[in-house]
Amino acid sequence: MFSKKYTSIFLGIYLILRIFSYFFGPETPLQTQNIVNTIISSLILAATAFLLINKNPWGWYIVALEIILGGAGGFLSVGPIALRACLLFVSMFIFDIQKILAGEYIKKLRDNLPFTFILTALYLVVGMAAIRGYYLGHNLGAIFSDTLPYLFFLYFYPLRELLKKEEFKNICFTALCSAIVGNTIFIAFTLFGFSSGIFALQDNYYHWFRDVALGKITDLGIGYFRLVLNEHLLLVPILLYFLYKIFRERILSSFYILYSVFLLFILSVNLTRIFMLALGVGILLFFSRNRWKRWFGCVAGVAVIFTIVFTGTHLIATRG
């Protein structure tokens, strides 16, 4: 599922996206929308729409790559609206129009009937909540922001079709691995910047990290900082997937071990307690009476590597 030819390209996109958004940022509470950001975002949106209209699979690949490589989605926007939201509206509109023209729209709903019923019920509740919020005088922008995330469930319909294509799965898995390496570099760079004094709380980089990257920085004293990003919500599920592959494979895979180390480094700087608890519970579920030795070795390996990575990182950041 891993495509080497795209690895460096996706990693480059991951890093360039963050550098670009720092110098040509989207709209935040402390800055106005940069016109260059809007132009680039509009070009990406137009290219995606063109590809989707012509039924080129790369249209959907761009949508997927924006989600995987784009973190929480705050780096690019078309005016005040995030590119991720624009891609959702445009891609689903084109997808549904194509289904209607092909006479397959009802079939799409019927083939996914249980999910369609659940989604309909969910949107009725969300719609009523949005109307109530408006009736009570809440800000329209806040209502939109709270309602929009539920619309991403609509991606279920095209995703079910896309998962039948090996190329789509290969690109997504490769992008995911590139994002892990990119996030490792991003977190290490940010930690080094703050622990060395190059960056400081409340400076430009701090506000960019908070308002654009949508992260959180906490000073733990003596030069160590806790860094959290919204995309870290996927940290433990992905780590458990890699650990499961290590646990089940007859021969230890250096690929999965290496990426597990990257994720454990991110976890050692994230330091969210519920993530650690979730990791422990997840590993417990791997237990097999027939393979208890391998399971114990896996658990011991995670504990030792995490301890070494955290201790080493802490010693370097705090200069001993």
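Look above for the structure.
Residues numbered from 1 in each chain as written. Predicted model: local features only at pLDDT ≥ 70, side-chain atom pairs only at ≥ 80, totals over all residues. Heavy atoms only, no water.

## A few points about the overall build of the protein
For step 1, the next point in the chain: The number of helices and strands found in the protein is 14 helices and 4 strands.
For step 2, the next point in the chain: Expressed along its principal axes, the backbone C-alpha trace of the protein runs to roughly 60 × 55 × 45 Å.
For step 3, the next point in the chain: Across the 320 residues that make up the protein, the buried fraction comes to 43%.
For step 4, the next point in the chain: The contacts of the protein with a sequence gap of at least 6 include a subset with a gap of at least 24, amounting to 70%.
For step 5, the next point in the chain: Carbon and sulfur atoms make up 70% of the accessible area of the protein, which amounts to about 17800 Å² in all.
For step 6, the next point in the chain: Distance between charge centres in the protein, computed from 26 positive and 14 negative side chains, equals 12 Å. (Helix = DSSP H or I, 4+ residues; strand = E, 2+ residues; numbered from the N terminus. Buried < 20%, exposed > 50% of the residue type's maximum accessible area, 1.4 Å probe, protein only. Contact = heavy atoms within 4.5 Å. Areas by Shrake-Rupley, 256 points an atom, 1.4 Å probe, with all protein chains shown as cover. Lys, Arg positive; Asp, Glu negative; His and termini not counted. Charge placed at Lys NZ, Arg CZ, Asp CG, Glu CD.)

## Describing the packing of aromatic side chains
For step 1, the next point in the chain: The final tally for this structure, using the stated rule, is 38 aromatic pairs.
For step 2, the next point in the chain: Each ring, one from F189 and one from Y205, has its centre 6.1 Å from the other, and the planes form 70 degrees; the classification is edge-to-face. Residue F189 is located in helix α9 (residues 166-196), and its partner Y205 is located in helix α10 (residues 204-211); the two are separated by 16 residues in the primary sequence.
For step 3, the next point in the chain: Aromatic pair Y205 and F209: ring centres 6.4 Å apart, planes at 35 degrees, arrangement tilted. Within this pair, Y205 and its partner F209 are both found in helix α10, separated by 4 residues, close to a single helical turn.
For step 4, the next point in the chain: Residue classification places F209 among the buried positions, given a relative accessible area of 0%.
For step 5, the next point in the chain: Here a set of aromatic residues connected by ring pairs shows up, and it is made of Y22, F23, F75, F186, F189, F194, F199, Y205, W208, F209 and F225. (Phe/Tyr/Trp six-rings, centres within 6.5 Å; stacked < 30°, edge-to-face > 60°.)

## What to know about the layout of surface pockets
For step 1, the next point in the chain: In this structure, the second largest pocket spans a volume of roughly 370 Å³.
For step 2, the next point in the chain: Contributions of two or more residues to the lining of the second largest pocket are made by α1 (4-23), α2 (35-53) and α3 (58-69).
For step 3, the next point in the chain: Considered class by class, the residues forming the lining of the second largest pocket number 13 nonpolar, 1 polar and 1 charged. (1 Å grid on protein atoms, 1.4 Å probe; cavity = no way out; pocket = protein on both sides within 12 Å on 5 of 7 lines; lining within 4 Å. Points joined across faces, edges and corners; volume = space filled by probe spheres on them. Nonpolar A, V, L, I, M, F, W, Y, C, P; charged D, E, K, R; others polar.)

## Remarks on α10
For step 1, the next point in the chain: Taken residue by residue, α10 has Y205, Y206, W208 and F209 as its buried positions. Angular distribution of buried residues about the axis of α10 spans 165 degrees; they occupy a single face of the element.
For step 2, the next point in the chain: The elements touched by buried residues of α10 are α1, α9, β3 (215-219) and β4 (225-229).
For step 3, the next point in the chain: For α10, the N-terminal cap is D203; the gap from its side-chain oxygen to the backbone nitrogen of Y205 is 3.3 Å. (Arc of directions from axis to C-beta. Polar contact = N/O pair within 3.5 Å; in protein donor to acceptor, adjacent residues only side chain to side chain.)

## Looking at the pattern of salt bridges
For step 1, the next point in the chain: Taken as a whole and assessed by the stated rule, the structure comprises 7 salt bridges.
For step 2, the next point in the chain: For K99, the salt bridge is made with E104, and the minimal N-O distance between the two is 3.4 Å.
For step 3, the next point in the chain: Judged by its relative accessible area of 34%, E104 is partly exposed.
For step 4, the next point in the chain: With a shortest N-O distance of 3.1 Å, E166 and K169 are connected by a salt bridge. Here K169 and E166 lie together in helix α9, a separation of 3 residues that amounts to about one turn.
For step 5, the next point in the chain: Residues joined in a network through salt bridges with shared partners are K99, E104 and E161. (Salt bridge = Lys/Arg side-chain N within 4 Å of Asp/Glu carboxyl O.)

## With respect to the pairing of β3
For step 1, the next point in the chain: Sheet analysis places β3 next to β4, joined by 5 bridges and oriented antiparallel. Residue T218 lies in a different strand from β4, and its bridge partner there is R226.
For step 2, the next point in the chain: Hairpin geometry of β3 and β4 is characterised by an intervening segment of 5 residues between the two adjacent antiparallel strands and by a positive phi of about 95 degrees at G221. (Pairing = 2+ DSSP bridges.)

## Quick word on the environment of W208
For step 1, the next point in the chain: As for its position among the elements, W208 is in helix α10.
For step 2, the next point in the chain: Classification of W208 by relative accessible area gives buried; the value is 7%.
For step 3, the next point in the chain: Along the chain, W208 and G280 lie 72 residues apart, while their C-alpha atoms are 33 Å from each other.
For step 4, the next point in the chain: In contact with W208, not counting residues within four places along its chain, are R18, S21, Y22, F75, F186 and A213.

## Some details on unusual backbone geometry
For step 1, the next point in the chain: Residue Q202 is not a glycine yet carries a positive backbone phi of 75 degrees.
For step 2, the next point in the chain: Mapped onto the fold, Q202 is located in the loop between α9 and α10.
For step 3, the next point in the chain: Positive phi, normally seen in glycine, also occurs at L271, with a value near 55 degrees.

## Here we look at the packing of α3 against α9
When two helices pack together, their arrangement is captured by the angle between the axes and the distance separating the axes.
For step 1, the next point in the chain: Following both chains from N to C, one finds α3 and α9 inclined at 25 degrees, their axes separated by 10 Å at the closest point. When the axis of α3 is compared with that of α9, the two are roughly parallel. In the crossing of α3 with α9, the sense of the turn from one axis to the other is right-handed. On α9, the residues that touch W58, W60, Y61, A64, L65, I68 and L69 of α3 are E167, F168, I171, C172, A175, L176 and A179.
For step 2, the next point in the chain: Residues belonging to the contact of α3 with α9 are distributed by class as follows: 13 nonpolar, no polar and 1 charged. (Axes fitted to C-alpha atoms, helices over the stretch in contact; angles between N-to-C directions. Parallel < 35°, antiparallel > 145°, perpendicular 65-115°, else oblique. Left-handed = near helix turned anticlockwise from the far one by under 90°.)

## Observations regarding the pairing of β4
For step 1, the next point in the chain: With 5 of 5 residues buried, β4 lies mostly within the body of the structure.
For step 2, the next point in the chain: The alternating pattern of β4 places F225, L227 and L229 on one face and R226 and V228 on the opposite face, and all of these are buried.

## Section: the nonpolar core
Generally speaking, a soluble globular protein has its nonpolar side chains buried in company with each other.
For step 1, the next point in the chain: Ranked by size, the top nonpolar core spans 82 residues in total, and within it L243 and L279 carry the most contacts.
For step 2, the next point in the chain: Per-element accounting of this core gives the leading share, 13 residues, to α9.
For step 3, the next point in the chain: Dropping the residues within four chain positions of it, L279 is found in contact with V236, L239, L240, L243, L264, L267 and V302. (Core = buried A, V, L, I, M, F, W, Y, C linked by side-chain atoms within 4.5 Å.)

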